[in-house]
Amino acid sequence: MKSFNEKIWELARKVPKGRVTTYKILAEKLGTRAYRAVGTAMNRNPNGLMNCGYSKEMVPCHRVVASSGHLHGFAHGLEKKAELLENEGIKIKDDKIINFEKIVFRP
DNA sequence: CGCAGTCTAGCAC
DNA sequence: GTGCTAGACTGCG
């Protein structure tokens with residue numbers, strides 16, 4: 001039985017490059033409504049903040065945003081998060097994802 | 001904009 | 001070991 005936290009990373013890891021997901025979706029997939037717990041798990045993810053990027057075992061925290069497509073808190077700073085997303089082809093404007101409904105990954 | 005609901009992790013006793 | 005607080009959220013008033 002994987003830990004709650006492990007499940008979160010597993011789902012987040014499934015998000016393809018150039019796509020994003022939301023805390024809500026992840027929580028729903030886990031069959032819970034603890035959206036906060038999802039964010040907490042991400043913040044405490046043992047993969048290491050520096051691994052929030054381009055390794056296969058990574059957990060792309062920067063691809064996980066609020067349900068409204070707005071960038072919420074990020075340990076590295078929202079500017080860093082926006083930078084990573086733009087690097088994947090995702091446009092960010094005023095800390096918000098453009099065409100969010102088009103790139104959001106919903107299993 | 002502000003309050004309540006839900007779950008985990010961390011700190012205190 | 002048990003209990004309480006805080007937190008990368010969301011929905012409703």
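This text follows the structure it describes.
Along each chain, residue indices are assigned from 1 in the same order as the chain's sequence is written. Here the convention is simple: chains get letters from A, ligands get numbers from 1, in the order in which they are written. The predicted nature of this model means local features are confined to residues of pLDDT at least 70 and side-chain atom pairs, given and counted, to a pLDDT of 80 or more, with totals for whole chains, interfaces and linings taken over all residues. Where side-chain values are given, they derive from all heavy atoms of the structure, hydrogens and water being excluded.

Chemist: I keep staring at the protein's contact with DNA strand C and nothing clicks. Help me out?
Modeler: Proximity is defined per residue: any heavy atom of the residue falling within 4 Å of a molecule or strand makes that residue near it. Close contacts around DNA strand C come from 15 residues, with Tyr23, Lys24, Arg36, Ser67 and His72 the closest. We define a polar contact as two N or O atoms separated by no more than 3.5 Å, with the added condition that, inside protein, one atom must be a possible hydrogen donor and the other a possible acceptor, whereas residues neighbouring each other in sequence contribute only through side-chain atom pairs. Tyr35 is positioned with one of its backbone polar atoms (N or O) 3.4 Å from a sugar or linking oxygen of DNA strand C. Between DNA strand C and Asn43, the relevant distance is 3.2 Å, taken from a base nitrogen to a side-chain nitrogen or oxygen of the residue. Secondary-structure elements contributing two or more residues to the surface near DNA strand C are helix H2 (23–29) and helix H3 (35–43). Throughout, the ten residues Ala, Val, Leu, Ile, Met, Phe, Trp, Tyr, Cys and Pro are labelled nonpolar, Asp, Glu, Lys and Arg are labelled charged, and all others, Gly among them, are labelled polar. The residue makeup of the surface near DNA strand C, split by class, is seven nonpolar, six polar and two charged. Counting from the N terminus, the helices are the DSSP runs of H or I reaching at least four residues and the strands are the DSSP runs of E reaching at least two.

Chemist: Please clarify how H3 should be interpreted in this entry.
Modeler: Residues spaced three or four apart along an α-helix face the same direction, because each turn holds 3.6 residues. Buried residues of H3: Val38, Ala41 and Met42, and no others. Buried positions in H3, seen along its axis, are confined to an arc of 100° and lie on one side of it. Residue contacts follow a heavy-atom distance rule, with two residues in contact if any of their heavy atoms lie within 4.5 Å. Looking at the buried side of H3, the elements it contacts are helix H1 (4–13), H2 and strand S2 (64–65). The buried label applies to any residue whose accessible area, calculated with a 1.4 Å probe on protein chains only, is under 20% of its type's maximum; exposed applies above 50%, and partly exposed to all values in between. Each C-beta atom gives one direction from the helix axis, and the arc is the one those directions make.

Chemist: Please explain the protein's contact with DNA strand B as it appears in this structure.
Modeler: Residues in contact with DNA strand B, as listed here, are Phe4, Thr32, Ala34, Arg36 and Ala37. When atoms of DNA strand B within 4 Å of the protein are split into backbone and base, the sugar-phosphate part holds 70%. A distance of 3.4 Å is found between a base oxygen of DNA strand B and a side-chain nitrogen or oxygen belonging to Arg36. A breakdown of the residues in the surface near DNA strand B according to their chemical character gives three nonpolar, one polar and one charged.

Chemist: What should I look at first to understand the layout of surface pockets in this one?
Modeler: Where empty space is left in the structure can be found by rolling a water-sized probe over the atoms. Cavity means a closed set of points on a 1 Å grid over the protein atoms alone, one where a 1.4 Å probe fits but cannot get out, pocket means an open set with protein on both sides within 12 Å along at least 5 of 7 lines, and lining means a residue has an atom within 4 Å of a point. Grid points are joined across faces, edges and corners, and a volume is the space filled by probe spheres set on the points. Here the largest pocket defines a volume of roughly 180 Å³. Tyr23, Lys24, Tyr35, Arg36, Gly39, Ala66, Ser67, Ser68 and His72 are the residues that line the largest pocket. Here the lining of the largest pocket takes three residues from H3, the largest share from any one element.

Chemist: Would you take a moment to explain helix H4 (residues 78–87) for this structure?
Modeler: For H4, every residue scored as buried is listed here: Lys81, Ala82, Leu84 and Leu85. Here the buried residues of H4 occupy an arc of 160° about the axis, which is enough to place them on one side. When the buried face of H4 is taken as reference, the exposed residues oriented beyond 90 degrees from it are Glu79 and Asn87. Turning to H4, the residues buried within the fold contact H2, S2, strand S3 (92–93) and strand S4 (96–97). After H4 finishes, the residue Gly89 shows a positive phi value of roughly 100°.

Chemist: Just checking my understanding: could you explain the pattern of salt bridges for this structure?
Modeler: Side-chain pairs of opposite charge can arise whenever the charged atoms involved come near each other. By salt bridge we mean one thing: a side-chain nitrogen of Lys or Arg within 4 Å of a carboxyl oxygen of Asp or Glu. Summed over all chains, the structure comprises two salt bridges. The residue Glu88 makes a salt bridge to Arg63 at a minimum N-O spacing of 2.8 Å. In this pair, Glu88 is assigned in the loop between H4 and S3 and Arg63 in the loop between H3 and S2, connecting sequence segments 25 residues apart. Given the relative accessible area of 7%, Glu88 is considered buried. A residue is classified by how much of its surface remains accessible, and Arg63, at 5% relative accessible area, is buried. Between Glu83 and Lys80 there is a salt bridge whose closest N-O contact spans 3.8 Å. On the criterion of helical spacing, the pair formed by Glu83 and Lys80 is a turn pair, its members being three residues apart in helix H4.

Function-wise, these values are silent; they only describe arrangement.
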